[in-house]
Every structure is written in C-alpha cells, then in structure tokens.
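Each chain is listed here by its residues.
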Amino acid sequence: MSSLDTPAEVPRPRASAQVAAPSTMTWLTLALMTTASVASLRAAPTMAVYGLACVFLYLVPAIVFLLPTALVSAELASGWNGGVYRWVAEGLSKPLGFLAVWCQFAMTIFYYPSLLAFVASTIAYVIDPSLASNGVYTAIVIMVLYWTGVWVSSRGTKALAGLSSWGLVIGTLVPGTILVVLGMVFLGQGNASAAPMDAGHLLPEWTGLASLVLIVNNFLSYSGMEMNAVHVSSLKDPAKEYPKSMFLAMGLVLLIFILPALAISWVVPADQLSLTAGVMQAFDAFFSYFDVGWMTPIAAVMLISASLAGMLTWLAGPSKGLLEISRQEGYLPPFLQKLNKFGIQQNILVTQGVVTSIIALMYALIPNVSSVYWIFSTITTQVYLIVYLLMFAAAMRLRKTHPDHPRGYRVPALGLVCTVGLLASLAALAIGFVPPSQFGGGSVWSYVLFIACGLLVLGFLIPWLFLKFRKPNWRTAAAGAPSEGDRA
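Residues numbered from 1 in each chain as written. Predicted model: local features only at pLDDT ≥ 70, side-chain atom pairs only at ≥ 80, totals over all residues. Heavy atoms only, no water.

Caption draft 1: Highlighting the overall build of the protein. A tally of regular secondary structure across the protein gives 19 helices and zero strands. When burial is assessed residue by residue, the protein has 58% of its 488 residues classed as buried. (Helix = DSSP H or I, 4+ residues; strand = E, 2+ residues; numbered from the N terminus. Buried < 20%, exposed > 50% of the residue type's maximum accessible area, 1.4 Å probe, protein only.)

Caption draft 2: Quick look at the packing of aromatic side chains. The full count for this structure, using the stated rule, is 15 aromatic pairs. Ring-pair connections join several aromatic residues into one group, and the members of that group are Y85, F98, W102, F105, Y331 and F466. (Phe/Tyr/Trp six-rings, centres within 6.5 Å; stacked < 30°, edge-to-face > 60°.)

Caption draft 3: Spotlight on the nonpolar core. Membership of the largest hydrophobic core comes to 145 residues, with the highest contact counts inside it found for Y58, V72, Y222, Y242 and I264. With 21 residues, helix α5 (residues 94–127) is the largest single contributor of residues to this core. Those residues in contact with V72 that sit more than four places away from it in its chain are M391, F392, A395, V411, L414, V417 and C418. (Core = buried A, V, L, I, M, F, W, Y, C linked by side-chain atoms within 4.5 Å. Contact = heavy atoms within 4.5 Å.)

Caption draft 4: Highlighting the confidence of the model for the protein. Summary statistics for the protein give a mean pLDDT of 79 and a share of 82% for residues scoring 70 or more. Of all helices and strands in the protein, the one with the weakest mean pLDDT is helix α19 (residues 472–479) (64), whereas helix α17 (residues 414–431) scores best (91). Across residues 1–22 the pLDDT falls below 50, and counting only partners more than four positions away or on other chains, this stretch makes 126 contacts in the model. Of the regions scoring below 50 in pLDDT, residues 477–488 engages in 21 contacts with residues more than four places distant in sequence or in other chains. (pLDDT = per-residue confidence, 0-100.)

Caption draft 5: Seen up close, the packing of helix α3 (residues 54–79) against α17. At a minimum axis separation of 9 Å, α3 and α17 run at an interaxial angle of 130°. Taken together, the axis directions place α3 and α17 in an arrangement best described as oblique. The crossing of α3 and α17 is left-handed. Every residue of α17 that contacts α3 at V64, F65, P68, V72 and E75 is listed here: L414, V417, C418, V420, G421, A424 and S425. When its residues are assigned to classes, the contact of α3 with α17 shows nine nonpolar, two polar and one charged. (Axes fitted to C-alpha atoms, helices over the stretch in contact; angles between N-to-C directions. Parallel < 35°, antiparallel > 145°, perpendicular 65-115°, else oblique. Left-handed = near helix turned anticlockwise from the far one by under 90°. Nonpolar A, V, L, I, M, F, W, Y, C, P; charged D, E, K, R; others polar.)

Here it is, written out as structure tokens:
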C-alpha cells in the first residue's frame, strides 16, 4: 500500500495487473513515483510511541525488507509480465500463484477497516475529539464510507485514477511538512520534548520480544515496491539507474516516515497517544500552542481527503487482478466472476463489503479502538507477507530454472538478497504473534489465537477451498464470452 496510510501505516493495496510503462523514464521520476506509492503519515503514531528509537525501527526493515523487495521485484518485472501471479506461477506453481494473488486481495479485507478507522478518528477531531475512542462511532463511519466507496467504484469512475498523486501532496507532503516545521519551532523555543531525544534512547528499551512488536507494522508500511518495478524496462540503463532510483526513494520514504513520527513524539506523551488519532493529536497540540486552533479542521480535511482518495483509487485494483486470473484459470465460482454494466467486478466488491462490515463491528464490540486497530493491522501484515515469501522463493528458483531468460535487470547476489528478504519476512511473521508491550493486561493466548485464525483462515483456508472445489466449467465460462448476467 504507499501508503496514504500508510497502513501502520497499514499497508495500501496494490493492483496485481501491470500497466504498460512509458517508452522512457528517468531514474529520478521512478524514485518519486515509488515514494508516492509507499510513503504516508498514517503509520506515524505507531512509531511515535518509541520516540527517537523510531529511527532504528524504520531503518532495520528498510534495509532487510524494503531494499530486497525493490531489487527482486525489478528483476521479475523486467523478465515476466503479469505481476506476482505470473512470477510465482512460473517459478513455483499455478496454485501457489493463485495463493499469492489471493493474499494481495485478501489483505485489503483488514486493510480498509484499519484505514477507515484512521479516517473516523480524524473526522472526530472536526466534530468531537472524544468520538475518536468511541467504537460504535468508528464502526458506523467505516461501514458508511466503505459502502460509499463500493458504489463509486462500481460505477467505473475513471476520474479516480489520478487521485493517488494528489493524495500524496495534499494528505502527506503538505501536512507532514507542517507537522515537522511546527515541531522544530516548538523545540526551538525551549519547550521540552515529550519523549527523550538523547543518545541513550536511540534503541528501543528491551523488555522482551513484546518491546519490538511494532516493527512488524513497518514491513507493511514498506509494501508495494513491486508495483513500480514494472517500469524498470523504461529506464535507459536499468542496471545502474534502478538501484540509484531505489536508494533515493528509500531515503525519501524514510524521511517522510521518520520526521513526522518524531514530531508527534515531541508533543504527545506515549501513554496518551492514540494509534488511530495520533496525527490529529499532534496537530491539535501544536495548533493550540501557537494559537491557530482554527487550522485543526483544515489539517483533518487534508488527511481525510488523502485517505479517501487512496481508498477509492485502490478499492477495485486487487480484486480486478484476482478476477482476471480467476477468469483465465477458473479459480473463483461464476457468481464472483460476474461483471456489472460498467465492466466492474461488483459481486467481489459487495462480498468483500459484507465481510468488511462484519469486521467493522469489532470496533463496536471491543472497548479499546487502538487495540482493534493494531490487531487488524497485524493480520493485514501477516497475510501480505505470504506474497513476499512466495516472491523471494520464486525469484531464486527462476534464476536456477531459467538462467538465460531475458531480464532487463539482474539483482547482484540474488541468492543473498532473497535469503535476507525471506528471513526478514519470516521473522516479521513470528514477531507478529507477540502482543505489543503497549497493550498489556489482555490475554496473550487470546491475542495469538485471534492473529493465527485470521492468518490461517484468510491466508490459507479460503484459497485452498477455492482450489479444492473449483470446477472445469468455471474456467470455460470465464475464458469465453461474458457469461449470462455478466453485464446485468
């Protein structure tokens, strides 16, 4: 997902189908495109809890996950079109290819509730800040906004295509810059930081595995690098320019992630920080200090517009990729393959909406909104990590089985890079089952069971059932002319 998030940013969903790249592109343009697709403010409160240690917690996954993902996806995209399904299908097997594209889609089931919970908390700061911790209010906003998005997307509105770029400027760069500048002025006037900023706090305090759990969110914050890898063949000298582009993008993304998180930690104490409303808490505190409280609603509107733009822009993307593969291979039943009169996979969107609404009710049933937000963010990350595990494994096997296949870019020391990415992803999966130290008091086993069930059911059981019970006529109906009712 960028994240207009970014989700914890939770991750932003990415369309699995690739888009034709322009004939030429500069490495600087590609770096900016990648930054736009990955960076966002929504993850800032999650890392602001750690104060200065957030620098370390962002750098580690950037080195062991962000960079390997960017490089490996570039090699795969420059050799095989068709996105992650084609890469995994060619490198491992078609069923595993379906698992990969399914997980790309399935992560959005938990992604949208957590994204819209952030929107709900932001809206609350315009109406009544106390609503930010109200689960019933949050659930209502999630369902209303999601179903509105489904209706808009099902109309095939092409005007939404450019919303993500505007979202980067309006909802990320401008408010992020304002937040950091206000924070620097705040400290420059002699005010003490709410979080210690000395060298002794560069590393997170070690209190066991739970003290490092929030690092898992950063894996999903960095997800989506594979989306822009398709443009590697548009560079004049991919072997030299692509790594340069990715290093610049990584630097820009780190700045956008780290500086706002630090700014939040300067003014909002960790024990008072909301994972959903933390950005607005910081804006509210800064604006109140500088006697410009009237700007709080403006900042909220900017963040809201960016998040909604991201949701609308990507709502149909992953489901469209799943639909296209399923119509070719017969992975989904005809009901889920039907299109409406605008050519949109409305039945998939509606089915996803029903599940999303059920998940939204969790916000009303569980008292602590931040805890629900964290749980859904973790499940989202766990499911999406499956995609990367399969991608790294497929890349290594394709290098062995198809060593002479034309590639526009080849990763130096591919085996080492993939191994680092695999181990980092596996570590993130394992750490994801450990309750974060900030949410003490609850049942550890209940937390582990909830995360495990979410991962197993959503990431493995459902796709296995589709593969187990699929019928030959599912593919026949999909591969030919639109079936009856497709354009109803």
